[in-house]
Amino acid sequence: MDQNVFDDPRITAIGLLFEVHAGLLARFAAQFEEHGLSGVEFEVLMRLARSPGNQLRMTDLAAQTSLSTSGVTRVVDRMERDGLLRRRACPSDRRSSYAVVTPSGLQRLDETLPGHLRIIEQWFTGQLEPAARDAMLDGLRRVRDAVHPGATAGSTDPARVEEATATRA
């Protein structure tokens, strides 16, 4: 095999991405544990808190995370028992339900986020100049959209935004 193939910048790029991911996950895990959350639970709370009405259909939540539909069901079951989420029936589709973050879930996020943001700043975004950070974000979005087109499912659907607003009124 040609030795130059091991120096291919594509292999370097993906290797660096994996190393950065592993290093950040290790730092995040300890901080999440301090607040009684797993990484998956934090991700679910963040996805819901950043969505219209603090809710997503369960299928959209699965599409936005690395979990299967059954995996999301198990996580939501556990988080519902812990009072961080609740389920709400979908008024337009009896087969669907929404996961909705509760006030307790939002409070847990409020407690967790300052430390999480410090870690992000110290070990990730703070390592980059603003122009490099912006270019990286643009590139990551393009790659994400190509490899995971459902990553934003349900987060911007105008019908769901309208429905969420109506249920809060």
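Below is a short write-up of the structure.

What counts as what
- Residues numbered from 1 in each chain as written.
- Predicted model: local features only at pLDDT ≥ 70, side-chain atom pairs only at ≥ 80, totals over all residues.
- Heavy atoms only, no water.
- Phe/Tyr/Trp six-rings, centres within 6.5 Å; stacked < 30°, edge-to-face > 60°.
- Helix = DSSP H or I, 4+ residues; strand = E, 2+ residues; numbered from the N terminus.
- Buried < 20%, exposed > 50% of the residue type's maximum accessible area, 1.4 Å probe, protein only.
- Lys NZ or Arg CZ within 6 Å of the ring centre and 35° of its normal.
- Salt bridge = Lys/Arg side-chain N within 4 Å of Asp/Glu carboxyl O.
- Pairing = 2+ DSSP bridges.
- Axes fitted to C-alpha atoms, helices over the stretch in contact; angles between N-to-C directions.
- Contact = heavy atoms within 4.5 Å.
- Core = buried A, V, L, I, M, F, W, Y, C linked by side-chain atoms within 4.5 Å.

This part covers the packing of aromatic side chains. For any two aromatic rings, the description comes down to two numbers: the centre-to-centre distance and the angle of the planes. Counted under the stated rule, the structure contains 2 aromatic pairs. Ring centres of Phe-32 and Phe-42 lie 4.4 Å apart, and the angle between their planes is 25 degrees; on these two criteria the pair is classed as stacked. A residue pair is termed long-range when its members are at least 10 positions apart, and Phe-32 in helix α1 (residues 9-34) and Phe-42 in helix α2 (residues 39-49) qualify at 10 residues. The class for Phe-32 is buried, based on a relative accessible area of 6%. Overall, the relative accessible area of 6% leaves Phe-42 in the buried class. Grouped by ring-pair contacts, the aromatic residues Phe-28, Phe-32 and Phe-42 constitute a single cluster. Note that Arg-27 overlies the ring of Trp-123, its terminal NZ or CZ placed 3.9 Å from the centroid.

What follows concerns the pattern of salt bridges. A full pass over the atoms with the stated rule returns 10 salt bridges. Arg-133 is paired through a salt bridge with Asp-134; the nearest N and O atoms lie 3.1 Å apart. You can call Asp-134 partly exposed: its relative accessible area is 43%. For the salt bridge of Asp-138 with Arg-142, the shortest nitrogen-to-oxygen distance reads 2.9 Å. Placement of both Asp-138 and Arg-142 in helix α6 (residues 130-147) is noted, with a separation of 4 residues, approximately one turn of the helix.

Strand order in the open sheet formed by 3 strands is β1-β3-β2, and the pairing between neighbours is antiparallel. With one partner strand each, in any of the chains shown, β1 (55-57) and β2 (85-89) form the two edges of the open sheet. Going across the sheet, the axis of each strand differs from the next one's by a mean of 25 degrees, ignoring polarity. Across 5 bridges, β2 lies against strand β3 (residues 97-101) in antiparallel orientation. Bridge assignment links Leu-85 to a residue of β3, and that residue is Val-101. Sheet strands touched by helix α4 (residues 69-81): β2 and β3. Its angle to β2, the strand with the most contacts, is close to 115 degrees.

On to the nonpolar core, then. Val-44, Leu-45, Leu-48, Leu-61, Val-76, Met-79 and Leu-85 are the most contacted members of the largest nonpolar core, which totals 23 residues. Of all elements in the fold, only α1, α2, α3 (58-64), α4, β3 and α5 (103-123) reach the threshold of two or more residues within this core. If you tally residues by element for this core, the top one is α2, at 5 residues. Contact partners of Leu-45, with chain neighbours within four places excluded, come to Leu-37, Met-79, Leu-84, Leu-85, Val-101, Gly-105 and Leu-109.

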